[in-house]
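If you want the building blocks of each chain, they are given just below.
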Amino acid sequence: MRAAIYSSYGPPEVLEIKDVEQPSIKDDDRVLIRVHNASVNAYDYLFRKGYLPTRLENGLTKPKNHILGIDVAGTIEAVGKNVYRFKVGDHVFGSCLGSHAEYVTPRENVLSLMPKNVTFEEAAAIPCAAQTALQALRDVAQIKQGQRVLIYGASGGVGHFAVQLARYFDTEVTAVCSTPNLQWVKELGANYVLDYTKKDFADDGKKYDIILDAVGKRTFFSCMRSLTETGVYITEHALYPKYHPVQLMVSSLIGRKKAKIHLAKPNYSDLDFLRGLVEEERVRPVIEKIFPLNQIVEAHRHVESGRTKGKIVLQVETE
Ligand SMILES: NC(=O)c1ccc[n+]([C@@H]2O[C@H](COP(=O)([O-])OP(=O)(O)OC[C@H]3O[C@@H](n4cnc5c(N)ncnc54)[C@H](OP(=O)(O)O)[C@@H]3O)[C@@H](O)[C@H]2O)c1
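Below is a short write-up of the structure. (Residues numbered from 1 in each chain as written. Predicted model: local features only at pLDDT ≥ 70, side-chain atom pairs only at ≥ 80, totals over all residues.)

**Here we look at the overall build of the protein chain**
Item 1. The number of helices and strands found in the protein chain is 10 helices and 15 strands.
Item 2. The C-alpha atoms of the protein chain give a radius of gyration of 20 Å, which matches the 20 Å a tight globule of 319 residues would have.
Item 3. For the protein chain, the C-alpha atoms occupy an extent of roughly 55 × 45 × 35 Å along the three principal directions.
Item 4. Of all 319 residues assigned to the protein chain, the portion counted as buried reaches 47%.
Item 5. Pairs at least 24 residues apart make up 67% of the contacts formed inside the protein chain by residues separated by at least 6 positions. (Helix = DSSP H or I, 4+ residues; strand = E, 2+ residues; numbered from the N terminus. Rg over C-alpha atoms; globule rule 2.2 N^0.38 Å. Buried ≥ 20, exposed ≤ 12 C-beta atoms within 10 Å, placed from the backbone. Contact = placed C-beta atoms within 7 Å.)

Structure representation (structure tokens):
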């Protein structure tokens, strides 16, 4: 099968398209998926670059797993004998390591049936980013109707889902992004949009129950004065906790404002929940661009630029 592989850590150019052995189902709770689309996430270029925390997981000097990708949308081609939720031919989406390849064999518990009203491209844009936003708001922040929520980095993969989910939970949403993104982020349902290139939200005196830093560009200290007395700040930038351990300690000493680090946990029940919201048209993925798999280098460059509007998707299946 064709796959985008990397054999050493480094810039996007370490990625190349090669023929590699197709995986087969080794465990009974796994399925074989023919990949139609996958998306490119920050996770992929962090592993490719080989930042220290990722090397602890994937090899200190060179990568043990050669294929990147964590989101998938495709068709089930075979099922293990203990697979109960899917059958051959089902269209599924979900989380799966190594999805920048024509075939993958994830466990069934990180997959869900695709929403009926989306394409494979759209389905591939959902899993990591939308589950991250959902778990941060619902599970970590315990979002409640009527709260004031600020989404920092509202135009990115996680951010654009967070805006829509926060509106779904019936909160007042302030979305922060740069000038070119203000209009489409407003159209996602944000009550207010703020341009971070013009002024800092933390200077206007408004208080929020939840501040979700969806792009890991803020610190707890820089957001503290904008939190209500029991407000929660959540960062998604968990791989590089420069100040976070200190902030967590301080936050637990100085009062009821809290700082939390969130790490997404892929699971089918959140995917099922998201499928429902997509089918009810409460949430939709926004795709900036679809790259063919053989343009994997360009796709990584684009995501690494930090300017992605919504999601970048790979077209893995060729006609
Ligand atoms: N903890 C977890 O489990 C988890 C899961 C997924 C992702 N993450 C992390 O979450 C972060 C975001 O991921 P993502 O996929 O959403 O990223 P992304 O899509 O690549 O984010 C791109 C967006 O970031 C915005 N941005 C860039 N610099 C900004 C700044 N200084 N202030 C405000 N917005 C800025 C850009 O908007 P403008 O062009 O308008 O500036 C762009 O729309 C990454 O650090 C990733 O590693 C963590």
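**Focus: the sheet that holds strand E8 (residues 148-152)**
Item 1. The six strands lie next to each other as E10-E9-E8-E11-E12-E13, forming an open sheet whose pairing is parallel. The sheet terminates laterally at strand E10 (192-195) and strand E13 (258-261), the two strands that pair on one side only. Between one strand and the next, the sheet's axes are offset by a mean angle of 15°, whatever the strand orientation.
Item 2. Across four bridges, strand E9 (residues 172-177) lies against E10 in parallel orientation. Each residue of the ladder has a partner; that of Cys177, found in E10, is Asp195.
Item 3. The strands touched by helix H4 (residues 127-140) within the sheet are strand E11 (208-213), strand E12 (227-235) and E13, with E11 carrying the most contacts at an inclination of about 150°.
Item 4. Its contacts with the sheet place helix H5 (residues 157-168) against E8, E9 and E11, and it is angled at close to 170° to E8. (Pairing = 2+ DSSP bridges. Axes fitted to C-alpha atoms, helices over the stretch in contact; angles between N-to-C directions.)

**What to know about the packing of H4 against H5**
Item 1. One way to put it is that H4 packs onto H5 with a least axis distance of 8 Å and a crossing angle of 50°. By the criterion of interaxial angle, the relationship of H4 to H5 is oblique. Between H4 and H5 lies a crossing whose hand is right-handed. Packed against H4, whose contacting residues are Ala129, Ala130, Thr132, Ala133, Leu134 and Leu137, the element H5 presents Gly157, Val158, Phe161, Ala162, Leu165 and Ala166 at the interface.
Item 2. When the residues that make up the contact of H4 with H5 are grouped by side-chain class, the tally is 10 nonpolar, two polar and no charged. (Parallel < 35°, antiparallel > 145°, perpendicular 65-115°, else oblique. Left-handed = near helix turned anticlockwise from the far one by under 90°. Nonpolar A, V, L, I, M, F, W, Y, C, P; charged D, E, K, R; others polar.)

**A word on the pairing of strand E3 (residues 31-40)**
Item 1. With nine of its 10 residues buried, E3 lies for the most part within the structure.
Item 2. Two elements, E3 and strand E4 (residues 71-79), share six bridges in a ladder whose sense is antiparallel. Across the sheet, residue Val31 finds its bridge partner in E4, namely Val79.
Item 3. Pairing analysis gives two bridges linking E3 to strand E6 (residues 103-104), with the strands arranged antiparallel. In the sheet register, Arg34 faces E6, and the bridge partner there is Tyr103.
Item 4. Examined bridge by bridge, E3 and strand E15 (residues 311-315) share four bridges and lie antiparallel to one another. Paired with Ser39 across the strands is Val313, a residue of E15.

**Overview of the nonpolar core**
Item 1. With 92 residues, the main nonpolar core has Ala133, Leu137, Ile151, Ala162, Val163, Ala175 and Leu212 as its most contacted residues.
Item 2. At seven residues, H4 tops the list of elements feeding residues into this core.
Item 3. Of the residues that make up this core, three or more belong to each of domain 1 (2-126 + 285-315) and domain 2 (129-261).
Item 4. With residues near it in sequence (within four places) discarded, Leu212 still touches Ala136, Leu137, Ile151, Tyr152, Ala162 and Ile234. (Core = buried A, V, L, I, M, F, W, Y, C linked by C-beta atoms within 7 Å. Domains from an automatic or database assignment.)

**A short note on helix H1 (residues 42-49)**
Item 1. Along H1, the residues that are buried comprise Ala42, Asp44, Tyr45, Phe47 and Arg48.
Item 2. Directly beyond the C-terminal end of H1, a positive phi value near 75° is found at Gly50.

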